[in-house]
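The lines below spell out each chain.
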Amino acid sequence: DAKTTQPPSMDCAEGRAANLPCNHSTISGNEYVYWYRQIHSQGPQYIIHGLKNNETNEMASLIITEDRKSSTLILPHATLRDTAVYYCIAYQTGANNLFFGTGTRLTVIP
Amino acid sequence: DVKVTQSSRYLVKRTGEKVFLECVQDMDHENMFWYRQDPGLGLRLIYFSYDVKMKEKGDIPEGYSVSREKKERFSLILESASTNQTSMYLCASSLLTGTLNEKLFFGSGTQLSVL
């Protein structure tokens, strides 16, 4: 699986869009980009995933660059409950597991 | 919604004890996983299982074993607990769809302290 790189921490004002970057420059053509988040004292929660097209669901949007070397998770209107650690994962179908790194700790500030 | 239930939220055990961590999922998922989470190290895979009675080693299986006698239940066993096994243990499950999806559903975790 490709290694991903994320900033260790970010702050975002409540109500603003939170844009969380992820670099995955060694990603291969059949690796998906997955995003999970982990709120304090809970297990990780799936957010969204994509291959090369941008994706949107009720939680977030995922923007993947054309060369697929990086992506951005967008929370359009961050709330205090979005404070969490966000994990970006490059996953190859058929691989044994998702590799969770240390993620980005997002703090939403009132 | 899928529910993954871990039997204990907090557990305190003594060095040398045999420890059982239980996990049950209610959505008929084929895949089940055990991770441990430590500060600065992220989540690391211990064992996983694709089916009943099947098990595969993850990245850090040493000191652990697992049991999957029923599809819905996946147990992690510490044969002789040691202090370096103090950690947050997370169980997860996923559906073997064959459609390129690997969405994991996690339990709330068990914080194990070995004294």
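Undergrad: Describe the sheet that holds strand β5 (residues 55-56) of chain A, listing the residues and the values that go with them.
TA: All names here are of chain A. Pairing in this open sheet of 4 strands is antiparallel, and the strands run β2-β7-β6-β5 from one edge to the other. Unpaired on one side and paired on the other, β2 (18-23) and β5 mark the two borders of the sheet. Looking at chain direction, β2 and strand β7 (residues 70-75) are connected through 6 bridges and run antiparallel. Residue pairing in the sheet places Ala18 in a bridge with Leu75 of β7.

Undergrad: Tell me about the interface of chain B and chain A, and please be specific about residues and values.
TA: Contacts between chain B and chain A engage 21 residues on the former and 20 residues on the latter. Together chain B and chain A conceal approximately 1,600 Å² of surface at their shared face, both sides included; 53% is due to carbon and sulfur atoms. In this structure, the connection of chain B to chain A is made through 0 salt bridges. Here chain B is connected to chain A by 4 residue pairs in polar contact (both at pLDDT 80 or more).

Undergrad: Which residues make up the state of the cysteines, and what values go with them?
TA: As used in these notes, a disulfide is a covalent bond between sulfur atoms, one from each of two cysteines. Residues and elements named next belong to chain A. The full count for this structure, using the stated rule, is 2 disulfides over all chains. Here Cys22 is linked by a disulfide to Cys88, with a sulfur-sulfur distance of 2.1 Å. Its S-S torsion of about -80 degrees marks the bond between Cys22 and Cys88 as left-handed, since a negative value means left-handed. Here Cys22 is found in strand β2, whereas its partner Cys88 is found in strand β8 (residues 84-92), with 66 residues between them in sequence. The two residues Cys22 and Cys88 agree in class, both being buried. With no disulfide of its own, Cys12 lies closest to Cys22 among cysteine sulfurs, the gap being 18 Å.

Rules used in this analysis
Residue positions are given per chain, counted from 1 along the sequence in the order it is written. Here chains are named by letter from A upward and ligands by number from 1 upward, in the order in which they appear as written. For this predicted model, a pLDDT threshold of at least 70 governs which residues receive local features, and a threshold of 80 or more governs which side-chain atom pairs are given and counted, while totals over whole chains, interfaces and linings are taken from all residues. Excluding hydrogens and water, the side-chain figures rest on all heavy atoms present in the structure. Pairing between two strands requires that DSSP report at least two bridges joining them. Put simply, DSSP H or I for four residues or longer makes a helix, DSSP E for two residues or longer makes a strand, and each gets a number counted from the N terminus. Only heavy atoms enter the contact rule, under which two residues are in contact if any of them lie within 4.5 Å. Values labelled buried area give the accessible surface lost by two parts on being combined, using a 1.4 Å probe and summing over both. Here a salt bridge means any side-chain nitrogen of Lys or Arg lying within 4 Å of a carboxyl oxygen belonging to Asp or Glu. Any pair of nitrogen or oxygen atoms within 3.5 Å is treated as a polar contact; in protein, a donor-acceptor pairing is required on top of that, and neighbouring residues in sequence qualify only through side-chain atoms on both sides. A pair of cysteine sulfur atoms is labelled a disulfide when the two atoms are within 2.5 Å. Relative accessibility decides the category of a residue: with a 1.4 Å probe and only protein chains considered, values under 20% of the type maximum give buried, values over 50% give exposed, and everything between is partly exposed.

Structural measurements only, silent on function.
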